[in-house]
Amino acid sequence: MSDQAYDSNNIFGKILRGEIPCHRVYEDADTLAFMDVMPQSPGHLLVIPKVPSRNILDADPAVLSKVIPVVQKLARAAKDAFEADGITVIQFNEPASGQTVYHLHFHVIPRYEGQALKPHSGQMENNEVLAANAEKIIGELGN
Ligand code: 5GP
């Protein structure tokens, strides 16, 4: 299990409650997907379940079964929207692994042959770029 209990005061909890904005690309009854503000590659997005859990260690398997098909849907859309060679899906659990926000999330990151990722939680992207990238993915989902 997780080392600590879920704390609803985390950034993604605030996004889910509409207390802070995000560049949303997809939402259904169980999940939300939005752009990462510090992308490791253009089109880097996050998929989260609406039901709270700190990470995969304390998540309900029934929730995971709802989230993974959405991760796949967004991975396909991001690959096409960004003409990527591949997609990296990353999911961190607890600080030792690199987790910094304690609401379960899956990173979906477009990748290109021979191109390294930018640092995790590195540089903030500007809003216009994030908005345009979100539109690309939304456009692809509509196809
Ligand atoms: P973790 O290390 O927990 O897997 O990653 C958290 C991710 O959330 C990082 O990639 C970071 O760039 C992203 N992030 C941090 N704060 C915000 C925010 O306020 N909004 C969005 N959309 N992403 C955030």
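Scroll up to find the structure this text is about.
Residues numbered from 1 in each chain as written. Predicted model: local features only at pLDDT ≥ 70, side-chain atom pairs only at ≥ 80, totals over all residues. Heavy atoms only, no water.

Visitor: How should I be thinking about the overall build of the chain in this particular structure?
Guide: Of the regular secondary structure elements, the chain holds three helices and five strands. Its helices and strands taken in sequence order, the chain reads α-β-β-β-α-β-β-α from the N to the C terminus. Taking 143 residues into account, the globule formula puts the C-alpha radius of gyration at 15 Å, and the chain, at 14 Å, falls close to it. With the principal axes as the frame, the chain shows a C-alpha extent of 40 × 30 × 25 Å. Across the 143 residues in the chain, those meeting the buried criterion constitute 42%. In the chain, once contacts between residues fewer than 6 apart in sequence are set aside, the share between residues at least 24 apart is 65%. Per element, the accessible surface of the chain, about 7500 Å² overall, is 53% carbon and sulfur. (Helix = DSSP H or I, 4+ residues; strand = E, 2+ residues; numbered from the N terminus. Rg over C-alpha atoms; globule rule 2.2 N^0.38 Å. Buried < 20%, exposed > 50% of the residue type's maximum accessible area, 1.4 Å probe, protein only. Contact = heavy atoms within 4.5 Å. Areas by Shrake-Rupley, 256 points an atom, 1.4 Å probe, with all protein chains shown as cover.)

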